[in-house]
Every structure is written in C-alpha cells, then in structure tokens.
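One-letter residues, chain by chain:
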Amino acid sequence: MAKDLELKDGTLTVRNGDFVVSDSELVHIEHILKSSKGDWKNAPLLGVGISRWVNGNNQGLSLEKLATEIELQLILDGYKPLQVQVNSLSDIRINAERINQQ
C-alpha cells in the first residue's frame, strides 16, 4: 500500500502541526483517470484523459472502450485491475491492486 502526503481539494492536510500521511492508491488512480497522455514526463504514455470522454462528442467512444483504456492505463502504472466497471461516465467502479511498487 502506497503512502503519501494527504491532499484535500488540492491542499495539503495538516493535523496538530504536522502533515498527514495516508494511503494514496485512490489518489494515484484518480490522477491516472484525470491526466492525459503526455502529462507525465516520466511516463508520457500514461493517462486516460477522462475529460475527453466526458466533454467530447463521444463519436466512436463507447463505455466498453473506456473500460479497456482504464485497464490498460492501470497496468501501465503497475496495477493489476481486478474489476473495471463503467456503467456510465459518472459511474465508474475500479478495483485494482498494485503489483509493482514504484
């Protein structure tokens, strides 16, 4: 389980004068979904670009293709996707475990 400094709405969490460290797997997966290819210097092929799916005209883009893209991107970042379920663009359920600590 990866740990990192905790962020709430993009702001570091401070408790009793110290930064809070918490599980960061959900945050990492969220970053994979929100980022687009080319956003990460050390991994230029990483990123689903979910805003493209949500805000685009969705021509030729199916929920099945989105699920496949999410699975591929998780694998690229060292996760084993156990379940990726895309019911709609506002209902995406992901169960994955990290197999490769980076």
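Residues numbered from 1 in each chain as written. Predicted model: local features only at pLDDT ≥ 70, side-chain atom pairs only at ≥ 80, totals over all residues. Heavy atoms only, no water.

Visitor: Before we move on, can you summarise the overall build of the chain with the specific residues and values?
Guide: Of the regular secondary structure elements, the chain holds three helices and eight strands. What you see in the chain, going N to C, is helices and strands ordered as β-β-β-β-β-β-α-α-α-β-β. Relative to its 102 residues, the chain shows a buried fraction of 28%. Of all intrachain contacts in the chain linking residues separated by at least 6 positions in sequence, the fraction that spans at least 24 positions is 27%. For the chain, the exposed area adds up to about 7,100 Å²; of that, 51% sits on carbon and sulfur atoms. Positive and negative side-chain charges in the chain, numbering 11 and 14 respectively, have mean positions lying 2 Å apart. (Helix = DSSP H or I, 4+ residues; strand = E, 2+ residues; numbered from the N terminus. Buried < 20%, exposed > 50% of the residue type's maximum accessible area, 1.4 Å probe, protein only. Contact = heavy atoms within 4.5 Å. Areas by Shrake-Rupley, 256 points an atom, 1.4 Å probe, with all protein chains shown as cover. Lys, Arg positive; Asp, Glu negative; His and termini not counted. Charge placed at Lys NZ, Arg CZ, Asp CG, Glu CD.)

Visitor: Provide a residue-level description of the nonpolar core, including the pertinent values.
Guide: Counting residues in hydrophobic clusters, the biggest one holds 14 residues, and the most contacted among them are I32, V48, L66, I70, L74, V84 and V86. If you list the elements that add at least two residues to this core, you get helix 1 (25–34), helix 2 (50–55), helix 3 (63–76) and strand 7 (79–88). If you tally residues by element for this core, the top one is helix 3, at four residues. In this structure L66 touches V48, I50, W53, V86, L89 and I92, once residues within four positions along its chain are discounted. (Core = buried A, V, L, I, M, F, W, Y, C linked by side-chain atoms within 4.5 Å.)

Visitor: Residue-level account of the side chain of E69, with values.
Guide: Mapped onto the elements of the fold, E69 is located in helix 3. At 2.6 Å, the side chain of E69 and the side chain of K37 are in polar contact. Ignoring sequence-local partners within four residues, the contact set of E69 consists of K37, G47, V48 and W53. (Polar contact = N/O pair within 3.5 Å; in protein donor to acceptor, adjacent residues only side chain to side chain.)

Visitor: If you had to explain the pairing of strand 8 (residues 91–98) to someone new, which residues and values would you point to?
Guide: Bridge count between strand 7 and strand 8: eight bridges; the pairing is antiparallel. When the sheet's bridge partners are listed, P81 is paired in strand 8 with A96. Between strand 7 and strand 8, which pair antiparallel and follow one another directly, the connecting turn spans two residues. (Pairing = 2+ DSSP bridges.)

Visitor: Please provide a residue-by-residue account of the pattern of salt bridges, values included.
Guide: Opposite charge on two side chains permits pairing when their charged atoms draw close. Under the criterion given, the structure shown has five salt bridges. Ionic pairing is found between R98 and D77, a salt bridge with its closest N-O pair at 3.6 Å. With R98 in strand 8 and D77 in the loop between helix 3 and strand 7, the pair connects residues that are 21 residues apart, well separated along the chain. For R98, a relative accessible area of 16% corresponds to the buried category. (Salt bridge = Lys/Arg side-chain N within 4 Å of Asp/Glu carboxyl O.)

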